[in-house]
Amino acid sequence: MSLEYIIKFIFIFSSCGLISIGYFFDERLDFYGINLSTVISVFYSISAFLLLLQIKPIKFTRPKFILYLFYLLVLISTPILWSHFGLNEYGIRKFITFSLLIVPISVIIIEVFTKKDTVFMMWVLFFVASLLLLLGIINIENVSSLKGGRMSVMGGGPIVFSRWLVIGSLILFLHPNVNKIYKYLFVPLFILFSLMAGSRGPIYSYAIIMIIYFVFTFRKNILKVLVLSLLALSVVFLIPVENNKNEYGNTSRVVMGTSIGGYARIDRIERSIKLIAVSPFGVGTGNWAMESNKFSLLSHRDKEYAHNIILELANESGILISIVFLILVVLLFMSAFEVIREKERYLSRIFFVLFFFMLLNALVSGDLMDDRFLFIFLSLYLSSVTLENNLEKQLTK
């Protein structure tokens, strides 16, 4: 076993751990006086530093160039905007997560990872999703006592719990080498417990992806279409729509009409659009609430955000940076049309679908810290495409 393999092994586990936690320190993870998040952070910092030193001269593609340009612009603009608009604890925390967690992991995945590394990281993420599913099953009898009757575990929120389970279901469903029996057994289980979290964003995003997938693959996957359609119908009939919550989680919240949260998001969109007109070059990371409060009677705390990644970037980093991000998304979709149709490129297809799922989520919920999954799957997709292209070139020589 080589030293490089050991370093990558430590990096993948520690980075996935921090991706799960969302930050470098979590006071809830104290065990016998030792904070587990601190230990993970130390392993991550050392392994990430060593892997960054291994980066060779970078060969740019258009998506990679735009991604790195986006990272650079956010990193440069944030201190400049802070010097004018000020900063707060939430903004500092968000910037640290972006600059020391999202960017390094992304660059290492794209520049250092091999195909085996991308596959291993995918299965580690799937293991985390499976662990959360298991904890959800164990905790099912206590779900009615949780806040709002919404399923969650380990102190995390229901939205994050729901996203993790959908990620697990998508990996399982899309991987061609997984036995169909496991797919029919565990994919519905992942989705059922995701429904119990009562979060619309992940479920609606999953539904959109499945509809698009079935439209393009109906003839090849007619059995899957029928099975999952019957499953969806059974879930609809089982959900007690008339009640806001039940002993098995707030599933009815997913299919009920507009909620208070929906109206709150409309207010966030309106104030975000007004803020773009007043401050088109941004107000600095973490300052959305302070500056947007000027345009609404509803006052938000500093740690609130726009719940839309495009508006968040336009408001906090500037409209130019949000446009760069949109260009990146367009380029990724253009490349995906050429890549995901090829049967042997199943890894790229899985990572693109996961990126697409997180993008849909990022348009309706979460902030830049929550969107760390989006950038991780984006990076895994770019890495996978690059590795597959290099392999094709070698075979054609």
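Small disclaimer: the values here were computed from a predicted structure and weren't measured.

A. Inspection of the overall build of the protein chain at higher detail. Helix and strand content of the protein chain: 16 helices and two strands. Among the 397 residues that make up the protein chain, the fraction classed as buried is 53%. Intrachain contacts of the protein chain at a sequence separation of at least 6 include 73% that bridge at least 24 residues. When the accessible area of the protein chain is evaluated, it comes to approximately 19700 Å², of which 70% is carbon and sulfur surface.

B. Seen up close, a nonpolar patch on the surface. Side chains of Phe-31, Tyr-32, Ile-34, Leu-36, Val-39 and Phe-43 sit close together on the surface and give an oily, nonpolar patch of about 680 Å² of accessible area. A per-element tally of the nonpolar patch places helix 2 (residues 36-52) first, with three residues. Ile-34 sits in the exposed class, given a relative accessible area of 52%.

C. Region of interest: empty space enclosed by the protein. Across all of its chains, the model carries two cavities of 30 Å³ or more by this definition. Empty space within the second largest cavity amounts to approximately 30 Å³. Around the second largest cavity, the lining residues are Thr-285, Glu-312, Leu-313, Glu-316, Ser-317 and Leu-368. For the lining of the second largest cavity, the residue count by class is two nonpolar, two polar and two charged.

D. Local environment of the packing of helix 1 (residues 3-21) against helix 4 (residues 89-111). Relative orientation of the contacting elements helix 1 and helix 4 amounts to 145 degrees, with a least axis distance of 11 Å. For the pair helix 1 and helix 4, the sense of crossing is left-handed. In this structure, helix 1 uses Phe-11, Ser-15, Leu-18 and Ile-19 to contact helix 4, whose residues at the interface are Leu-101, Ile-105 and Ile-108. Grouping the constituent residues of the contact of helix 1 with helix 4 by class yields six nonpolar, one polar and no charged.

E. Summary view of the packing of aromatic side chains. By the definition in use, this model includes 29 aromatic pairs. Considering the side-chain rings of Phe-98 and Phe-375, the 6.3 Å spacing of their centres and the 85 degrees angle between planes classify their relative orientation as edge-to-face. Of this pair, Phe-98 sits in helix 4 while Phe-375 sits in helix 16 (residues 372-396), and the two are 277 residues apart along the sequence. Classification of Phe-98 as buried rests on a relative accessible area of 1%. Classification of Phe-375 by relative accessible area gives buried; the value is 0%. Ring plane angle 55 degrees and centroid distance 6.0 Å describe the contact between Phe-126 and Phe-190, whose orientation is recorded as tilted. Placement of the pair is Phe-126 in helix 5 (residues 115-138) and Phe-190 in helix 7 (residues 180-196), with a sequence separation of 64 residues.

F. Structural view of the side chain of Glu-291. Examined against the element boundaries, Glu-291 turns out to sit in helix 12 (residues 288-292). Looking at Glu-291, the relative accessible area reads 9%, which means it is buried. In this structure the side chain of Glu-291 is engaged in a polar contact, spanning 2.9 Å, whose partner is the side chain of Lys-294. Apart from residues lying up to four places away in sequence, Glu-291 is in contact with Phe-85, Leu-275 and Val-283.

G. Focus on the packing of helix 2 against helix 4. The N-to-C vectors of helix 2 and helix 4 enclose an angle of 40 degrees; their axes lie 10 Å apart at closest approach. As the angle between them shows, helix 2 and helix 4 are arranged oblique. Helix 2 and helix 4 meet at a crossing whose hand is left-handed. Judged by residue contacts, Tyr-44, Ala-48, Leu-51 and Leu-52 of helix 2 engage Leu-100, Leu-101, Pro-104, Ile-105, Val-107 and Ile-108 from helix 4. Across the contact of helix 2 with helix 4, the residue classes break down as 10 nonpolar, no polar and no charged.

Conventions we followed
- Residues numbered from 1 in each chain as written.
- Predicted model: local features only at pLDDT ≥ 70, side-chain atom pairs only at ≥ 80, totals over all residues.
- Heavy atoms only, no water.
- Helix = DSSP H or I, 4+ residues; strand = E, 2+ residues; numbered from the N terminus.
- Buried < 20%, exposed > 50% of the residue type's maximum accessible area, 1.4 Å probe, protein only.
- Contact = heavy atoms within 4.5 Å.
- Areas by Shrake-Rupley, 256 points an atom, 1.4 Å probe, with all protein chains shown as cover.
- Patch = residues over 30% accessible without salt bridge, like charges linked within 9 Å, V, L, I, M, F, W, Y side chains within 5 Å.
- Salt bridge = Lys/Arg side-chain N within 4 Å of Asp/Glu carboxyl O.
- 1 Å grid on protein atoms, 1.4 Å probe; cavity = no way out; pocket = protein on both sides within 12 Å on 5 of 7 lines; lining within 4 Å.
- Points joined across faces, edges and corners; volume = space filled by probe spheres on them.
- Nonpolar A, V, L, I, M, F, W, Y, C, P; charged D, E, K, R; others polar.
- Axes fitted to C-alpha atoms, helices over the stretch in contact; angles between N-to-C directions.
- Left-handed = near helix turned anticlockwise from the far one by under 90°.
- Phe/Tyr/Trp six-rings, centres within 6.5 Å; stacked < 30°, edge-to-face > 60°.
- Polar contact = N/O pair within 3.5 Å; in protein donor to acceptor, adjacent residues only side chain to side chain.
- Parallel < 35°, antiparallel > 145°, perpendicular 65-115°, else oblique.

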